[in-house]
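Residue-level listing of the chains:
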Amino acid sequence: IKWAKGENIPVGPGRGSGAGSVVAWSLEITDLDPLRFGLLFERFLNPERVSMPDFDIDFCQDRRDEVIRYVEDRYGHDRVAHIITFGKLMARAALRDVGRVLGLPFGLVDKICKLVPNNPAKPVTLAQAVAGEPKLKEARDSDPAVARMIEIALQLEGLPRHASTHAAGVVIGDRPLEELVPLYRDPKSGSAVTQLNMKDVEKAGLVKFDFLGLTTLTMLRLAEDLVKARGTDLDLQSLPLDDKAAYALMSRAETVGVFQLESAGMRDALRKLKPDCFEDIIAMVSLYRPGPMDNIPQYINVKHGTESAAYLHPMLEPILKETNGVIIYQEQVMEIAQKLAGYTLGGADLLRRAMGKKIAAEMEAQRAIFIEGAGKNGIEAGMANTIFDAVAKFASYGFNKSHAAAYALLAYHTAYLKANHPLEFYAAVMTMEMANQEKLAAYRHEMRGRGIALLAPDVNASSAIFSVEDRPKNGKPAASGVRFALAAIKGVGRAAMEALVAEREAGGAFRSLCDLTSRMAGKGFNRRLLEALVKAGAMDSLDANRARMMASLDGAIAYASAVKAAAESAQTGLFGEGGETVPEPRPSEAVEWDQACRLAHEFSVLGVYLSAHPMDGFAEALGHLGVVPAAQIFDSPANYNGKIVELAGVIVAQKEMKTDRGRFAVLQLSDPSAQYEVRLFADVLERSRSLLVIGTAVVFTADVRADGDEVRLSGQRLRPLDGAADRLDSQVDIELAEPAAAIRLKPHLGDGGNGADVRLVIRIADGREVVVALPEAISLAHAKRPSVERVEGVIRIHDHPRKQMRARPAMLH
């Protein structure tokens with residue numbers, strides 16, 4: 001740990017019970033003062049502990065391998081090894097392997113395997129599947145080949161199938177490990193790996209170290225570096241824990257992206273709690289889990305004075321006052337046993353373990369010790385028995401306070417950055433989530449709500465990762481934004497984008513498409529990569545007409561090859577004379593893509609609609625249709641559970657599946673607030689199939705089912721959004737900068753009366769305006785709004801109530 005910190009590798013503040021050790025804190029193994037927060041050393045190490053205590057250590061995800069290499073170099077490559085894990089044959093895998101060896105048809109084996117329920121959280125054994133699935137039993141009884149496959153698979157199930165390497169476990173020996181345990185070499189990494197798993201390797205006398213990679217540490221360091229790069233000194237390790245802005249942010253539940261605090265249920269609890277001290281964060285990290293979360297309302301009510309804390313005995317108050325009368329931590333169980341029943345803290349830890357395991361014989365023995373000890377403190381047997389039962393109930397799911405406090409510190413640091421340095425926070429957190437389109441869409445929506453610009457990717461401005469950019473605005477002091485990462489564009493690769501940024505920094509900004517292709521020749525810049533950059537809008541600073549850029553790619557690639565050949569030819573000349581100058585080809589002519597096409601291309605490579613959203617022109621119509629923004633449901637799922645709501649979105653992906661109950665489809669949709677999934681079951685699927693085209697905007701009725709943080713939406717009736725919007729009784733003003741713009745506008749307006757009534761507001765000389773109400777036969781369909789907004793001379797489109805519409809056919813203002 002000392003070496004890692006010296007090499008500027010982020011190390012976690014602590015993890016597990018070791019964070020309670022004052023010796024570990026004084027040696028800077030951990031970063032949180034255990035005395036200040038009442039963390040018990042004896043939870044980590046005491047005379048009664050049978051197993052060796054160990055430190056689990058979090059390191060920066062990106063630099064964890066450097067720490068392991070250091071350990072190998074420091075202690076000897078023959079004395080350090082990773083720990084093996086064994087992948088076991090589960091029910092489906094056993095059936096597939098046996099079916100393949102027996103030569104059974106793939107279709108038959110696949111059909112049988114799919115009859116075995118697939119639940120990774122609670123795997124079903126093959127015997128349980130046969131007993132619980134009539135069709136599986138029928139297949140076994142009717143087909144001897146299937147019966148034989150199942151019979152053999154039952155014998156193989158649970159056996160090791162393959163070896164892999166433990167994600168974090170490392171052993172360090174005091175002598176060459178081959179003298180202690182059998183080893184093998186991992187064919188993928190080349191590292192030495194023990195042939196004994198983590199339990200058996202300890203029985204062999206070795207100490208296991210867990211070196212874990214934590215992406216939050218990487219994100220915090222990146223954000224910290226971005227803050228410093230903009231001229232502000234920041235050291236998260238020395239921050240006081242009383243920042244008002246951070247607690248205000250948590251109280252508003254604006255904690256998307258905040259470590260440990262970002263789930264919908266946690267945000268709902270924070271909104272009610274309104275935390276104002278570090279102890280509240282520790283408590284929430286511990287309470288928000290199945291079981292203890294039932295006590296969250298009591299914790300909140302006591303904090304806000306709407307309920308009084310209840311203590312079974314006065315001696316419990318000093319121990320439970322910090323947590324508003326609720327037993328939350330394992331350390332509190334230990335203190336209760338120590339103060340009320342005279343246990344040593346070592347003995348109290350044994351009591352805590354016994355309560356957690358609920359071993360009946362051991363529990364009764366401990367109950368007798370507890371009642372006897374409590375009696376010596378003047379607590380009568382009946383009350384002692386009641387206290388023991390209450391403590392046992394909480395102990396079964398009590399949380400390790402030392403671990404919670406250390407992770408609460410990371411949560412506080414993340415919240416501090418988001419509250420006080422939002423630009424750097426979003427740049428860092430989006431860099432860590434580059435591959436997660438749903439997360440990027442959620443951050444984009446949140447940034448828009450906070451007035452923070454997400455700037456488009458740009459080969460002359462972007463870094464490979466998300467970055468903070470200061471840019472002049474209207475000649476005034478710099479306005480800030482987060483610049484989209486080049487490496488977040490699909491199909492380009494991080495190494496290629498880092499090479500592009502390095503070339504730009506060394507040789508200056510790219511002047512044209514041909515300049516870029518010639519300077520990046522030989523660095524993996526093929527046509528597919530260049531297409532992705534054009535679609536993303538990353539080349540707009542070279543030419544804003546993306547269709548023309550796309551049409552010019554072949555010429556630019558050929559130009560780059562010619563320049564390279566000319567340079568190589570010049571180098572081989574006898575006197576090193578200069579080669580011929582290759583003229584740049586003229587850009588190919590092409591009609592610019594319309595708004596819908598631009599956005600579709602953007603989404604295909606960015607995973608989000610960045611420059612605009614296909615539904616932006618429908619904002620007022622969505623309100624009239626009673627549509628709920630999807631993010632609103634996912635932020636407060638409990639408020640919508642069991643309700644029928646109206647939703648809208650653009651279909652960005654779809655997948656059909658088949659079960660015993662019939663076919664169903666999963667749609668991936670995007671609205672301006674979020675990306676989300678909706679399920680369509682058989683009858684709705686068949687009625688709506690004509691609408692299920694990627695890029696189609698739909699409005700639909702959905703049934704909402706919420707289970708904790710999980711939200712399931714079932715679509716019941718789908719219809720095209722533009723049709724639903726056009727049927728509304730609506731009107732629009734189109735503001736024009738000059739009369740001539742009306743002529744350019746004409747081709748974009750409909751003549752069937754299908755859409756909003758139109759009134760033109762035309763600016764003329766001396767700041768006056770002419771308002772012209774067009775005949776009702778001329779209308780503006782919602783689908784046409786994006787193209788109208790792009791017509792030269794159009795200032796804006798403005799919806800307004802019909803009653804204001806037709807005062808007079810034409811008025812001079």
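As the structure is a prediction and not an experimental result, all values here were calculated from the model. (Residues numbered from 1 in each chain as written. Predicted model: local features only at pLDDT ≥ 70, side-chain atom pairs only at ≥ 80, totals over all residues. Heavy atoms only, no water.)

Peer 1: Looking at this model, I keep getting lost on the overall build of the chain. Mind explaining?
Peer 2: Check the secondary structure of the chain and you find 35 helices and 20 strands. Within the chain, the proportion of its 813 residues that are buried is 48%. Partitioning the intrachain contacts of the chain with sequence separation of at least 6 by distance along the chain shows that 67% fall at a separation of at least 24. Accessible surface, the chain: about 39200 Å² in total, of which carbon and sulfur atoms supply 53%. Averaging the locations of the 99 positively and 105 negatively charged side chains of the chain gives two centres separated by 3 Å. (Helix = DSSP H or I, 4+ residues; strand = E, 2+ residues; numbered from the N terminus. Buried < 20%, exposed > 50% of the residue type's maximum accessible area, 1.4 Å probe, protein only. Contact = heavy atoms within 4.5 Å. Areas by Shrake-Rupley, 256 points an atom, 1.4 Å probe, with all protein chains shown as cover. Lys, Arg positive; Asp, Glu negative; His and termini not counted. Charge placed at Lys NZ, Arg CZ, Asp CG, Glu CD.)

Peer 1: How do you make sense of a nonpolar patch on the surface when you look at a structure like this?
Peer 2: Residues V22, V23, W25, L27 and L35 make up a contiguous nonpolar surface patch of about 480 Å² in total accessible area. Note on placement: V22 falls in helix α2 (residues 22-26). Residue classification places V22 among the partly exposed residues on the basis of a relative accessible area of 33%. (Patch = residues over 30% accessible without salt bridge, like charges linked within 9 Å, V, L, I, M, F, W, Y side chains within 5 Å. Salt bridge = Lys/Arg side-chain N within 4 Å of Asp/Glu carboxyl O.)

Peer 1: What's the story with the layout of surface pockets in this structure? I'm lost.
Peer 2: Space left empty within the atom packing is revealed by a probe, the size of a water molecule, rolled over the atoms. Volume-wise, the largest pocket comes out at about 960 Å³. Forming the walls of the largest pocket are 33 residues, and the residues nearest its centre are R267, A442, F634, D635 and A674. Secondary-structure elements contributing two or more residues to the lining of the largest pocket are α12 (264-273), α22 (437-449), α30 (630-635), β12 (674-681) and β14 (710-720). Sorting elements by how many residues they give to the lining of the largest pocket places α22 first, with seven residues. Residue classes in the lining of the largest pocket are distributed as twelve nonpolar, six polar and 15 charged. (1 Å grid on protein atoms, 1.4 Å probe; cavity = no way out; pocket = protein on both sides within 12 Å on 5 of 7 lines; lining within 4 Å. Points joined across faces, edges and corners; volume = space filled by probe spheres on them. Nonpolar A, V, L, I, M, F, W, Y, C, P; charged D, E, K, R; others polar.)

Peer 1: Looking at this structure, how should I read the environment of L270?
Peer 2: Following the sequence through the fold, L270 ends up in helix α12. For L270, a relative accessible area of 2% translates into the label buried. Sequence separation between L270 and K784 is 514 residues; the distance between their C-alpha atoms is 43 Å. Aside from chain neighbours lying at most four places away, what touches L270 is M250, S251, T255, L261, P275 and M284.

Peer 1: I tried to follow helix α16 (residues 330-341) on my own but got confused; where do I start?
Peer 2: Since one α-helical turn is 3.6 residues long, residues separated by three or four positions face the same way. Taking 1.5 Å as the rise per residue, α16 with twelve residues should run 16 Å; its terminal C-alpha atoms sit 16 Å apart, in good agreement. With respect to burial, α16 is a largely interior element, nine of its twelve residues being buried. Residues of α16 that are buried: Q330, E331, Q332, V333, M334, I336, A337, L340 and A341. Elements that come into contact with the buried residues of α16 comprise α15 (317-320), α17 (345-357), α18 (360-376), α19 (381-395) and α20 (401-420). In the stretch just after α16, G342 is the one whose phi turns positive, near 75 degrees. (Expected span 1.5 Å × (residues − 1).)

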